[in-house]
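Next come the chains, spelled out residue by residue.
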Amino acid sequence: MDTGGKGFTAQPTAAEEAATRLRPFSMMQSLAITARLWRNRQIASPRFRSFLARLPLLRMIGNRKANKLFRLTTGFVHTQILSACIHLGIFEALDGKALSTTALATQCGVSADTLGQLLAQAERLDLVIHGAPDLWMLSDTGTVLAVDRGLREMIRHHDMLYRDIADAGAFWRGDRGQGELHRYWAYVRRGDLAAIENAAVAPYSALMRESQAMLADCILASHDFGQYRSVLDIGGGEGAFLCALAERHRSTELALFDLPAVTELAGRHLDGRGLTARCRLHPGDFATDVIPTGHDCVTLVRILCDHDDDRVLTILRNLHRHLEPGTRLIIAEAMAGDSEGAKLAAIYFTTYFAAMGSGRCRTASEIAGLLARSGFRNFEAVTSVNPLLVGLVIATR
Ligand SMILES: C[S@@+](CC[C@H](N)C(=O)[O-])C[C@H]1O[C@@H](n2cnc3c(N)ncnc32)[C@H](O)[C@@H]1O
(Lines give C-alpha, C1' and ligand atoms only; values in the text may rest on other atoms or scores of the structure.)
Protein backbone atom coordinates (compact mmCIF):
# COMPACT_ATOMS: atom_id res chain seq x y z
CA MET A 1 0.00 0.00 0.00
CA ASP A 2 1.42 3.38 -0.97
CA THR A 3 0.51 6.03 1.55
CA GLY A 4 1.07 8.70 -1.07
CA GLY A 5 4.00 10.07 0.88
CA LYS A 6 1.93 10.71 3.98
CA GLY A 7 4.72 9.27 6.11
CA PHE A 8 5.11 6.20 8.25
CA THR A 9 2.35 6.98 10.71
CA ALA A 10 -0.36 6.31 8.11
CA GLN A 11 -3.57 4.94 9.61
CA PRO A 12 -4.88 1.43 8.80
CA THR A 13 -7.50 1.29 6.06
CA ALA A 14 -10.99 0.01 6.73
CA ALA A 15 -10.08 -3.27 4.95
CA GLU A 16 -7.04 -3.78 7.16
CA GLU A 17 -9.05 -3.10 10.29
CA ALA A 18 -11.65 -5.58 9.08
CA ALA A 19 -8.89 -8.17 8.46
CA THR A 20 -7.66 -7.87 12.04
CA ARG A 21 -11.20 -8.33 13.31
CA LEU A 22 -11.60 -11.64 11.48
CA ARG A 23 -12.27 -14.60 13.73
CA PRO A 24 -11.40 -17.21 14.86
CA PHE A 25 -7.86 -16.05 15.66
CA SER A 26 -5.98 -16.59 18.88
CA MET A 27 -4.80 -13.46 20.71
CA MET A 28 -1.25 -14.15 19.53
CA GLN A 29 -2.36 -14.49 15.92
CA SER A 30 -4.37 -11.25 16.10
CA LEU A 31 -1.36 -9.45 17.53
CA ALA A 32 0.92 -10.90 14.84
CA ILE A 33 -1.52 -9.83 12.08
CA THR A 34 -1.87 -6.32 13.50
CA ALA A 35 1.93 -6.00 13.81
CA ARG A 36 2.47 -7.25 10.24
CA LEU A 37 -0.15 -4.83 8.83
CA TRP A 38 1.52 -1.96 10.73
CA ARG A 39 4.94 -3.00 9.45
CA ASN A 40 3.67 -3.29 5.87
CA ARG A 41 2.16 0.22 6.09
CA GLN A 42 5.54 1.60 7.14
CA ILE A 43 7.43 -0.22 4.37
CA ALA A 44 4.86 0.94 1.81
CA SER A 45 5.65 4.55 2.70
CA PRO A 46 8.33 6.21 0.48
CA ARG A 47 9.13 8.59 3.37
CA PHE A 48 9.80 5.67 5.72
CA ARG A 49 12.04 3.99 3.15
CA SER A 50 14.10 7.14 2.62
CA PHE A 51 14.36 7.48 6.43
CA LEU A 52 15.72 3.90 6.58
CA ALA A 53 18.23 4.67 3.85
CA ARG A 54 19.82 7.33 6.09
CA LEU A 55 20.61 4.80 8.90
CA PRO A 56 23.60 2.55 8.02
CA LEU A 57 22.38 -0.69 9.67
CA LEU A 58 18.82 -0.39 8.40
CA ARG A 59 20.12 0.65 4.97
CA MET A 60 22.13 -2.58 4.87
CA ILE A 61 19.04 -4.66 5.71
CA GLY A 62 16.98 -2.73 3.14
CA ASN A 63 19.61 -3.20 0.44
CA ARG A 64 19.79 -6.92 1.19
CA LYS A 65 16.02 -7.19 0.72
CA ALA A 66 16.20 -5.13 -2.49
CA ASN A 67 18.93 -7.45 -3.84
CA LYS A 68 16.77 -10.45 -2.97
CA LEU A 69 13.82 -8.97 -4.85
CA PHE A 70 16.04 -8.13 -7.82
CA ARG A 71 17.47 -11.68 -7.85
CA LEU A 72 13.91 -12.99 -7.90
CA THR A 73 12.92 -10.59 -10.67
CA THR A 74 15.89 -11.51 -12.86
CA GLY A 75 16.13 -15.22 -12.02
CA PHE A 76 15.22 -16.25 -15.54
CA VAL A 77 18.19 -14.32 -16.92
CA HIS A 78 20.45 -16.33 -14.56
CA THR A 79 18.78 -19.54 -15.72
CA GLN A 80 19.39 -18.65 -19.35
CA ILE A 81 23.09 -17.94 -18.73
CA LEU A 82 23.41 -21.38 -17.15
CA SER A 83 21.43 -22.90 -20.00
CA ALA A 84 23.63 -21.22 -22.65
CA CYS A 85 26.78 -22.59 -20.94
CA ILE A 86 25.24 -26.09 -21.02
CA HIS A 87 24.12 -25.84 -24.65
CA LEU A 88 27.56 -24.56 -25.76
CA GLY A 89 29.37 -27.32 -23.84
CA ILE A 90 31.44 -24.91 -21.71
CA PHE A 91 31.53 -27.13 -18.61
CA GLU A 92 32.71 -30.21 -20.52
CA ALA A 93 35.27 -28.12 -22.42
CA LEU A 94 36.77 -26.78 -19.18
CA ASP A 95 36.68 -30.11 -17.33
CA GLY A 96 40.19 -30.63 -15.92
CA LYS A 97 41.62 -27.70 -17.95
CA ALA A 98 42.28 -23.97 -18.00
CA LEU A 99 41.58 -22.37 -21.40
CA SER A 100 41.80 -18.91 -22.96
CA THR A 101 38.67 -17.26 -24.39
CA THR A 102 39.88 -17.92 -27.95
CA ALA A 103 40.64 -21.61 -27.33
CA LEU A 104 37.26 -22.07 -25.64
CA ALA A 105 35.47 -20.17 -28.43
CA THR A 106 37.01 -22.51 -31.03
CA GLN A 107 35.86 -25.58 -29.07
CA CYS A 108 32.34 -24.23 -28.53
CA GLY A 109 31.93 -22.89 -32.07
CA VAL A 110 31.15 -19.24 -31.19
CA SER A 111 32.98 -15.98 -31.71
CA ALA A 112 35.53 -15.06 -29.04
CA ASP A 113 33.77 -11.69 -28.48
CA THR A 114 30.38 -13.22 -27.73
CA LEU A 115 31.87 -15.98 -25.62
CA GLY A 116 33.88 -13.43 -23.61
CA GLN A 117 30.62 -11.70 -22.64
CA LEU A 118 28.93 -14.97 -21.70
CA LEU A 119 31.96 -16.08 -19.64
CA ALA A 120 31.94 -12.77 -17.77
CA GLN A 121 28.26 -13.40 -16.94
CA ALA A 122 29.05 -17.00 -15.91
CA GLU A 123 31.82 -15.69 -13.66
CA ARG A 124 29.36 -13.31 -11.96
CA LEU A 125 27.15 -16.33 -11.26
CA ASP A 126 30.14 -18.30 -9.90
CA LEU A 127 30.02 -20.95 -12.64
CA VAL A 128 33.56 -20.23 -13.88
CA ILE A 129 36.55 -18.38 -12.44
CA HIS A 130 39.64 -16.63 -13.76
CA GLY A 131 42.82 -18.70 -13.08
CA ALA A 132 44.90 -15.84 -14.59
CA PRO A 133 44.06 -12.96 -16.97
CA ASP A 134 42.14 -14.48 -19.91
CA LEU A 135 42.44 -18.00 -18.53
CA TRP A 136 39.15 -19.64 -17.60
CA MET A 137 38.64 -22.48 -15.13
CA LEU A 138 35.66 -24.12 -13.46
CA SER A 139 34.36 -23.00 -10.05
CA ASP A 140 33.08 -25.64 -7.56
CA THR A 141 29.59 -25.41 -9.08
CA GLY A 142 31.00 -25.56 -12.63
CA THR A 143 32.96 -28.69 -11.71
CA VAL A 144 29.81 -30.45 -10.47
CA LEU A 145 28.06 -29.50 -13.72
CA ALA A 146 31.00 -30.81 -15.75
CA VAL A 147 31.06 -34.23 -14.11
CA ASP A 148 27.33 -34.83 -13.69
CA ARG A 149 25.77 -35.52 -17.07
CA GLY A 150 22.39 -36.18 -15.42
CA LEU A 151 22.33 -32.67 -13.98
CA ARG A 152 23.17 -31.19 -17.39
CA GLU A 153 20.40 -33.28 -19.00
CA MET A 154 17.89 -32.11 -16.37
CA ILE A 155 18.82 -28.50 -17.14
CA ARG A 156 18.49 -29.12 -20.88
CA HIS A 157 15.02 -30.64 -20.52
CA HIS A 158 13.89 -27.52 -18.63
CA ASP A 159 13.59 -25.84 -22.03
CA MET A 160 10.25 -27.68 -22.25
CA LEU A 161 9.17 -26.56 -18.79
CA TYR A 162 9.91 -22.90 -19.56
CA ARG A 163 7.97 -23.04 -22.81
CA ASP A 164 5.04 -24.59 -20.92
CA ILE A 165 4.95 -21.86 -18.28
CA ALA A 166 5.94 -18.90 -20.48
CA ASP A 167 2.49 -17.31 -20.19
CA ALA A 168 2.56 -17.26 -16.39
CA GLY A 169 -0.90 -15.71 -15.96
CA ALA A 170 -2.60 -18.25 -18.23
CA PHE A 171 -0.61 -21.06 -16.64
CA TRP A 172 -1.72 -20.32 -13.08
CA ARG A 173 -5.29 -19.54 -14.17
CA GLY A 174 -5.33 -22.98 -15.80
CA ASP A 175 -6.21 -21.36 -19.17
CA ARG A 176 -3.91 -23.43 -21.33
CA GLY A 177 -3.96 -26.77 -23.01
CA GLN A 178 -1.65 -29.65 -22.28
CA GLY A 179 1.95 -28.72 -22.82
CA GLU A 180 5.22 -30.35 -23.82
CA LEU A 181 5.93 -31.99 -20.45
CA HIS A 182 2.56 -33.69 -20.55
CA ARG A 183 3.51 -35.25 -23.88
CA TYR A 184 7.07 -36.05 -22.75
CA TRP A 185 5.99 -38.15 -19.73
CA ALA A 186 4.01 -40.67 -21.79
CA TYR A 187 2.52 -42.57 -18.82
CA VAL A 188 0.76 -39.45 -17.53
CA ARG A 189 -1.58 -39.66 -20.54
CA ARG A 190 -2.77 -43.06 -19.20
CA GLY A 191 -4.88 -45.16 -21.60
CA ASP A 192 -3.37 -48.55 -22.42
CA LEU A 193 0.00 -48.25 -20.65
CA ALA A 194 1.12 -51.73 -21.70
CA ALA A 195 0.90 -50.58 -25.33
CA ILE A 196 3.18 -47.54 -24.94
CA GLU A 197 5.99 -47.91 -27.43
CA ASN A 198 9.71 -47.80 -26.94
CA ALA A 199 10.06 -44.43 -28.72
CA ALA A 200 7.63 -42.82 -26.25
CA VAL A 201 9.47 -44.00 -23.12
CA ALA A 202 13.10 -43.83 -24.31
CA PRO A 203 13.66 -40.04 -23.80
CA TYR A 204 12.29 -39.89 -20.23
CA SER A 205 13.91 -43.23 -19.32
CA ALA A 206 17.33 -41.95 -20.44
CA LEU A 207 16.83 -38.74 -18.42
CA MET A 208 15.87 -40.77 -15.33
CA ARG A 209 18.86 -43.10 -15.77
CA GLU A 210 21.30 -40.19 -16.11
CA SER A 211 19.85 -38.14 -13.26
CA GLN A 212 19.72 -41.06 -10.83
CA ALA A 213 23.42 -40.98 -9.80
CA MET A 214 23.22 -38.18 -7.25
CA LEU A 215 19.82 -39.31 -6.01
CA ALA A 216 20.87 -42.95 -5.52
CA ASP A 217 23.93 -41.88 -3.51
CA CYS A 218 21.70 -39.81 -1.27
CA ILE A 219 19.09 -42.58 -0.77
CA LEU A 220 21.71 -45.26 -0.11
CA ALA A 221 23.51 -43.01 2.38
CA SER A 222 20.25 -42.32 4.24
CA HIS A 223 19.02 -45.87 4.82
CA ASP A 224 20.78 -49.22 5.31
CA PHE A 225 19.68 -51.38 2.39
CA GLY A 226 22.25 -54.01 3.42
CA GLN A 227 19.67 -55.37 5.89
CA TYR A 228 17.47 -56.68 3.03
CA ARG A 229 17.81 -60.02 1.27
CA SER A 230 15.96 -58.90 -1.87
CA VAL A 231 14.89 -55.48 -3.19
CA LEU A 232 12.15 -54.95 -5.78
CA ASP A 233 12.26 -51.47 -7.37
CA ILE A 234 8.77 -50.66 -8.66
CA GLY A 235 8.76 -48.13 -11.52
CA GLY A 236 12.51 -48.73 -11.54
CA GLY A 237 13.12 -47.27 -15.01
CA GLU A 238 16.28 -48.59 -16.67
CA GLY A 239 17.58 -49.87 -13.32
CA ALA A 240 20.02 -47.09 -12.42
CA PHE A 241 19.01 -47.15 -8.75
CA LEU A 242 19.40 -50.94 -8.57
CA CYS A 243 22.84 -50.70 -10.25
CA ALA A 244 23.99 -48.27 -7.54
CA LEU A 245 22.48 -50.52 -4.82
CA ALA A 246 24.13 -53.61 -6.35
CA GLU A 247 27.53 -51.96 -6.20
CA ARG A 248 27.17 -51.13 -2.52
CA HIS A 249 25.46 -54.34 -1.34
CA ARG A 250 26.97 -57.18 -3.32
CA SER A 251 24.78 -60.02 -2.03
CA THR A 252 21.34 -58.35 -2.28
CA GLU A 253 19.01 -59.94 -4.85
CA LEU A 254 17.44 -57.45 -7.27
CA ALA A 255 14.17 -57.17 -9.19
CA LEU A 256 12.65 -54.39 -11.27
CA PHE A 257 9.03 -53.73 -12.23
CA ASP A 258 8.07 -51.19 -14.93
CA LEU A 259 6.04 -50.79 -18.11
CA PRO A 260 6.92 -53.40 -20.78
CA ALA A 261 8.68 -50.88 -23.07
CA VAL A 262 10.80 -49.66 -20.12
CA THR A 263 11.77 -53.11 -18.82
CA GLU A 264 13.08 -53.80 -22.33
CA LEU A 265 15.40 -50.79 -22.00
CA ALA A 266 16.28 -51.89 -18.44
CA GLY A 267 17.31 -55.29 -19.81
CA ARG A 268 19.85 -53.63 -22.10
CA HIS A 269 21.17 -51.30 -19.39
CA LEU A 270 21.55 -54.03 -16.77
CA ASP A 271 23.21 -56.27 -19.36
CA GLY A 272 25.76 -53.51 -20.04
CA ARG A 273 26.46 -53.36 -16.30
CA GLY A 274 26.89 -57.15 -16.02
CA LEU A 275 23.80 -57.48 -13.81
CA THR A 276 21.48 -59.57 -16.00
CA ALA A 277 21.86 -62.70 -13.89
CA ARG A 278 21.34 -60.82 -10.63
CA CYS A 279 18.20 -58.84 -11.52
CA ARG A 280 14.78 -60.20 -12.49
CA LEU A 281 12.62 -58.03 -14.74
CA HIS A 282 8.83 -57.79 -14.37
CA PRO A 283 6.94 -55.92 -17.09
CA GLY A 284 3.51 -54.66 -16.06
CA ASP A 285 1.24 -51.87 -14.80
CA PHE A 286 1.81 -51.17 -11.11
CA ALA A 287 -1.72 -49.83 -10.68
CA THR A 288 -3.53 -52.95 -11.88
CA ASP A 289 -1.24 -55.96 -12.34
CA VAL A 290 -0.01 -58.58 -9.89
CA ILE A 291 3.07 -57.34 -8.01
CA PRO A 292 5.71 -60.06 -7.63
CA THR A 293 6.33 -61.32 -4.09
CA GLY A 294 9.39 -62.84 -2.38
CA HIS A 295 11.14 -59.50 -1.66
CA ASP A 296 11.59 -58.18 1.87
CA CYS A 297 11.97 -54.62 0.56
CA VAL A 298 10.05 -52.75 -2.14
CA THR A 299 11.07 -49.29 -3.31
CA LEU A 300 9.13 -46.51 -5.06
CA VAL A 301 11.72 -43.96 -6.19
CA ARG A 302 10.27 -40.77 -7.76
CA ILE A 303 6.94 -42.55 -8.34
CA LEU A 304 4.15 -41.26 -6.06
CA CYS A 305 5.06 -37.60 -6.68
CA ASP A 306 4.11 -38.07 -10.36
CA HIS A 307 0.49 -38.77 -9.52
CA ASP A 308 -2.56 -37.11 -7.99
CA ASP A 309 -3.92 -38.48 -4.69
CA ASP A 310 -6.60 -40.74 -6.20
CA ARG A 311 -4.09 -42.40 -8.53
CA VAL A 312 -1.57 -42.79 -5.66
CA LEU A 313 -4.26 -44.58 -3.64
CA THR A 314 -4.95 -46.93 -6.56
CA ILE A 315 -1.22 -47.72 -6.89
CA LEU A 316 -0.65 -48.22 -3.14
CA ARG A 317 -3.78 -50.34 -2.72
CA ASN A 318 -2.64 -52.58 -5.58
CA LEU A 319 0.74 -52.98 -3.87
CA HIS A 320 -0.95 -53.68 -0.54
CA ARG A 321 -3.17 -56.32 -2.18
CA HIS A 322 -0.17 -58.29 -3.49
CA LEU A 323 2.76 -57.75 -1.11
CA GLU A 324 3.36 -60.18 1.74
CA PRO A 325 2.74 -58.94 5.31
CA GLY A 326 5.97 -57.63 6.81
CA THR A 327 7.40 -56.34 3.50
CA ARG A 328 9.15 -52.99 3.94
CA LEU A 329 7.97 -50.29 1.52
CA ILE A 330 10.32 -47.35 0.96
CA ILE A 331 9.10 -44.16 -0.71
CA ALA A 332 11.99 -41.95 -1.89
CA GLU A 333 11.29 -38.67 -3.68
CA ALA A 334 11.56 -34.91 -3.29
CA MET A 335 9.38 -33.88 -0.34
CA ALA A 336 8.04 -30.56 0.88
CA GLY A 337 9.21 -29.48 4.34
CA ASP A 338 10.70 -26.73 6.43
CA SER A 339 14.40 -26.99 5.50
CA GLU A 340 15.73 -24.65 2.82
CA GLY A 341 16.33 -27.61 0.48
CA ALA A 342 12.81 -28.99 0.96
CA LYS A 343 11.31 -25.53 0.33
CA LEU A 344 13.32 -25.15 -2.88
CA ALA A 345 12.23 -28.63 -3.98
CA ALA A 346 8.57 -27.82 -3.27
CA ILE A 347 8.69 -24.54 -5.24
CA TYR A 348 10.24 -26.27 -8.23
CA PHE A 349 8.23 -29.50 -8.25
CA THR A 350 4.86 -27.86 -7.56
CA THR A 351 5.32 -25.84 -10.75
CA TYR A 352 6.80 -28.78 -12.65
CA PHE A 353 3.90 -31.13 -11.80
CA ALA A 354 1.36 -28.43 -12.65
CA ALA A 355 3.01 -28.14 -16.09
CA MET A 356 3.08 -31.92 -16.44
CA GLY A 357 -0.64 -32.05 -15.58
CA SER A 358 -0.22 -34.66 -12.83
CA GLY A 359 1.43 -35.14 -9.46
CA ARG A 360 2.23 -33.27 -6.24
CA CYS A 361 5.24 -32.53 -4.09
CA ARG A 362 4.00 -33.83 -0.71
CA THR A 363 5.24 -33.62 2.86
CA ALA A 364 6.32 -36.86 4.57
CA SER A 365 3.16 -36.77 6.68
CA GLU A 366 0.93 -36.38 3.61
CA ILE A 367 2.61 -39.47 2.13
CA ALA A 368 2.17 -41.36 5.42
CA GLY A 369 -1.53 -40.40 5.31
CA LEU A 370 -1.92 -41.94 1.83
CA LEU A 371 -0.03 -45.06 2.97
CA ALA A 372 -2.31 -45.38 6.00
CA ARG A 373 -5.44 -45.09 3.81
CA SER A 374 -4.02 -47.92 1.67
CA GLY A 375 -3.51 -50.26 4.65
CA PHE A 376 0.24 -49.82 5.33
CA ARG A 377 1.48 -49.28 8.91
CA ASN A 378 4.55 -48.41 11.06
CA PHE A 379 5.54 -45.18 9.29
CA GLU A 380 8.92 -43.62 9.68
CA ALA A 381 9.99 -40.37 7.99
CA VAL A 382 13.74 -40.26 7.35
CA THR A 383 15.41 -36.94 6.63
CA SER A 384 17.94 -37.75 3.93
CA VAL A 385 21.50 -36.46 3.79
CA ASN A 386 20.23 -33.88 1.26
CA PRO A 387 16.57 -32.80 1.67
CA LEU A 388 16.79 -30.81 -1.58
CA LEU A 389 17.08 -34.06 -3.51
CA VAL A 390 15.03 -36.57 -1.62
CA GLY A 391 13.17 -37.53 1.54
CA LEU A 392 12.28 -41.05 2.65
CA VAL A 393 9.12 -42.51 4.14
CA ILE A 394 9.35 -46.13 5.28
CA ALA A 395 6.29 -48.27 5.99
CA THR A 396 5.41 -51.93 6.54
CA ARG A 397 2.83 -53.97 4.62
C1 LIG B 1 9.73 -40.54 -12.82
S2 LIG B 1 10.13 -42.10 -13.44
C3 LIG B 1 11.17 -42.74 -12.13
C4 LIG B 1 12.09 -43.83 -12.59
C5 LIG B 1 13.03 -44.35 -11.52
N6 LIG B 1 12.35 -44.85 -10.36
C7 LIG B 1 14.00 -43.25 -11.12
O8 LIG B 1 13.82 -42.62 -10.07
O9 LIG B 1 14.93 -42.99 -11.89
C10 LIG B 1 8.63 -43.02 -13.22
C11 LIG B 1 8.72 -44.48 -13.67
O12 LIG B 1 7.46 -45.11 -13.41
C13 LIG B 1 7.13 -45.90 -14.52
N14 LIG B 1 5.67 -46.05 -14.58
C15 LIG B 1 4.74 -45.08 -14.76
N16 LIG B 1 3.51 -45.58 -14.75
C17 LIG B 1 3.65 -46.93 -14.57
C18 LIG B 1 2.73 -47.99 -14.44
N19 LIG B 1 1.42 -47.77 -14.49
N20 LIG B 1 3.22 -49.22 -14.23
C21 LIG B 1 4.56 -49.45 -14.16
N22 LIG B 1 5.49 -48.48 -14.25
C23 LIG B 1 5.04 -47.22 -14.45
C24 LIG B 1 7.68 -45.13 -15.70
O25 LIG B 1 7.82 -45.93 -16.85
C26 LIG B 1 9.00 -44.62 -15.14
O27 LIG B 1 10.03 -45.52 -15.36
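Rules used in this analysis
- Residues numbered from 1 in each chain as written.
- Predicted model: local features only at pLDDT ≥ 70, side-chain atom pairs only at ≥ 80, totals over all residues.
- Heavy atoms only, no water.
- Near = heavy atom within 4 Å.
- Polar contact = N/O pair within 3.5 Å; in protein donor to acceptor, adjacent residues only side chain to side chain.
- Helix = DSSP H or I, 4+ residues; strand = E, 2+ residues; numbered from the N terminus.
- Nonpolar A, V, L, I, M, F, W, Y, C, P; charged D, E, K, R; others polar.
- Axes fitted to C-alpha atoms, helices over the stretch in contact; angles between N-to-C directions.
- Parallel < 35°, antiparallel > 145°, perpendicular 65-115°, else oblique.
- Left-handed = near helix turned anticlockwise from the far one by under 90°.
- Contact = heavy atoms within 4.5 Å.
- Patch = residues over 30% accessible without salt bridge, like charges linked within 9 Å, V, L, I, M, F, W, Y side chains within 5 Å.
- Areas by Shrake-Rupley, 256 points an atom, 1.4 Å probe, with all protein chains shown as cover.
- Salt bridge = Lys/Arg side-chain N within 4 Å of Asp/Glu carboxyl O.
- Lys, Arg positive; Asp, Glu negative; His and termini not counted.
- Charge placed at Lys NZ, Arg CZ, Asp CG, Glu CD.
- Domains from an automatic or database assignment.
- Buried < 20%, exposed > 50% of the residue type's maximum accessible area, 1.4 Å probe, protein only.
- Pairing = 2+ DSSP bridges.
- Right-handed = clockwise from strand over helix to strand, strands pointing away.
- Core = buried A, V, L, I, M, F, W, Y, C linked by side-chain atoms within 4.5 Å.
- Expected span 1.5 Å × (residues − 1).
- Phe/Tyr/Trp six-rings, centres within 6.5 Å; stacked < 30°, edge-to-face > 60°.

1. Points about the site of the ligand
Part 1 of the argument: In the region of the ligand, 18 residues are neighbours, and Tyr204, Gly235, Asp258, Val301 and Arg302 sit closest.
Part 2 of the argument: Glutamine 212 is positioned with one of its side-chain polar atoms (N or O) 2.9 Å from an oxygen atom of the ligand.
Part 3 of the argument: Take valine 301: an N or O atom from its main chain is 2.7 Å from a nitrogen atom of the ligand.
Part 4 of the argument: Looking at the shell around the ligand element by element, the count peaks at 3 residues for helix α13 (residues 198-222).
Part 5 of the argument: Residues belonging to the shell around the ligand are distributed by class as follows: 9 nonpolar, 4 polar and 5 charged.

2. Looking at the packing of α13 against helix α15 (residues 260-272)
Part 1 of the argument: The N-to-C vectors of α13 and α15 enclose an angle of 50°; their axes lie 9 Å apart at closest approach. By the angle between their directions, the pair α13 and α15 is classed as oblique. The element α13 and its partner α15 pack so that their crossing is right-handed. Contacts between α13 and α15 involve Asn198, Val201, Ala202, Tyr204, Ser205 and Arg209 on the former and, on the latter, Ala261, Val262, Glu264, Leu265, Arg268 and His269.
Part 2 of the argument: Classifying every residue of the contact of α13 with α15 gives 6 nonpolar, 3 polar and 3 charged.

3. Structural notes on a positive patch on the surface
Part 1 of the argument: Side chains of Arg36, Arg39, Arg64, Lys65 and Lys68 sit close together on the surface and give a patch of like positive charge.
Part 2 of the argument: When contributions to the positive patch are tallied by element, the ones reaching two or more residues are α2 (27-44) and α4 (56-73).
Part 3 of the argument: The greatest single-element share of the positive patch, amounting to 3 residues, is contributed by α4.

4. Some thoughts on the domain arrangement of the protein chain
Part 1 of the argument: The domain boundaries assigned to the protein chain delineate domain 1 (14-72), domain 2 (75-147) and domain 3 (180-396).
Part 2 of the argument: Relative to domain 3, the C-alpha centre of domain 2 lies at a distance of 35 Å.

5. Some thoughts on the pairing of strand β6 (residues 297-301)
Part 1 of the argument: Counting buried positions along β6 yields 5 of 5 residues, so the element is predominantly enclosed.
Part 2 of the argument: Of the two faces of β6, the one carrying Cys297, Thr299 and Val301 and the one carrying Val298 and Leu300 are both buried.
Part 3 of the argument: Judged from the 3 bridges that link them, strand β3 (residues 230-234) and β6 form a sheet pairing that is parallel. In the sheet register, aspartate 233 faces β6, and the bridge partner there is threonine 299.
Part 4 of the argument: Bridge analysis of β6 against strand β7 (residues 328-333) gives 5 bridges, and the strand direction is parallel. Bridged to threonine 299 within β7 is isoleucine 330.
Part 5 of the argument: Between β6 and its parallel partner β7, the chain crosses via helix α16 (residues 309-322), and the hand of that crossover is right-handed.

6. Some points on the sheet that holds strand β8 (residues 377-382)
Part 1 of the argument: Read across the open sheet, the 7 strands follow the order β5-β4-β3-β6-β7-β9-β8; overall the sheet is mixed. Of all the strands in the sheet, the pair left with one neighbour each is β5 (279-283) and β8. Put simply, the sheet's adjacent strands are angled 20° from each other on average, direction ignored.
Part 2 of the argument: As paired elements, β3 and strand β4 (residues 253-258) share 5 bridges and run parallel to each other. When the bridges of β4 are listed, valine 231 appears paired with leucine 254.

7. A look at the side chain of serine 205
Part 1 of the argument: Summarising the element assignment, serine 205 is placed in helix α13.
Part 2 of the argument: The contacts of serine 205, once residues within four sequence positions are left out, are Glu238, Val262 and Leu265.

8. Here's the deal with the nonpolar core
The nonpolar side chains of a soluble globular protein tend to be buried with one another.
Part 1 of the argument: Within the largest apolar cluster, 27 residues are counted, with the highest numbers of intra-cluster contacts made by Ile219, Phe225, Val231, Phe241, Leu245, Ile330 and Val390.
Part 2 of the argument: For this core, the elements supplying multiple residues, two or more each, are α13, α14 (240-248), β4, α15, β6, β7 and β9 (391-396).
Part 3 of the argument: Setting aside anything within four residues of it in sequence, one finds phenylalanine 225 in contact with Ile219, Leu220, Val231, Phe241, Leu245, His249, Thr252, Cys297, Thr299 and Ile330.
Part 4 of the argument: Core analysis: the next-biggest nonpolar cluster, separate from the first, contains 26 residues, Phe257, Ala287, Leu313 and Phe376 among them.

9. Here we look at unusual backbone geometry
Part 1 of the argument: Non-glycine residue aspartate 126 carries a positive phi angle of around 60°.
Part 2 of the argument: By secondary structure assignment, the location of aspartate 126 is in the loop between α8 (112-124) and β1 (128-132).
Part 3 of the argument: On the basis of relative accessibility, which here comes to 43%, the residue aspartate 126 falls in the partly exposed class.
Part 4 of the argument: We note that arginine 302 has phi near 55°; this positive angle belongs to a residue other than glycine.
Part 5 of the argument: Mapped onto the elements of the fold, arginine 302 is located in the loop between β6 and α16.
Part 6 of the argument: By relative accessible area, which is 19% here, arginine 302 ends up buried.

10. Thoughts on helix α17 (residues 340-356)
Part 1 of the argument: With 17 residues, α17 should reach 24 Å at 1.5 Å per residue; the first-to-last C-alpha distance of 24 Å fits that figure.
Part 2 of the argument: Inspection of α17 places Gly341, Ala342, Ala345, Ala346, Thr351, Tyr352, Phe353, Ala355 and Met356 among the buried residues, and these make up the whole buried set.
Part 3 of the argument: With its phi angle positive at about 85°, glycine 357 sits one or two positions after the end of α17.

11. Describing the packing of aromatic side chains
Part 1 of the argument: In the structure shown here, the tally under the stated rule is 13 aromatic pairs.
Part 2 of the argument: A centroid spacing of 5.7 Å and a plane angle of 50° characterise the contact between tyrosine 348 and tyrosine 352, whose relative ring orientation is tilted. Of this pair, tyrosine 348 and tyrosine 352 both sit in helix α17, separated by 4 residues, roughly a single helical turn.
Part 3 of the argument: By relative accessible area, which is 4% here, tyrosine 352 ends up buried.
Part 4 of the argument: Chaining the aromatic ring pairs together yields one cluster made of Tyr184, Trp185, Tyr187 and Tyr204.

12. A word on the pattern of salt bridges
Part 1 of the argument: On inspection of all chains with the given rule, the structure shows 14 salt bridges.
Part 2 of the argument: The shortest N-O distance in the salt bridge between glutamate 210 and arginine 149 comes to 3.1 Å. Of the two residues, glutamate 210 sits in helix α13 while arginine 149 sits in helix α10 (residues 149-164), which places them 61 residues apart along the sequence.
Part 3 of the argument: On the accessibility criterion, arginine 149 (46% relative accessible area) is partly exposed.
Part 4 of the argument: The partner of glutamate 238 in a salt bridge is arginine 209, with the nearest N and O atoms 2.9 Å apart.

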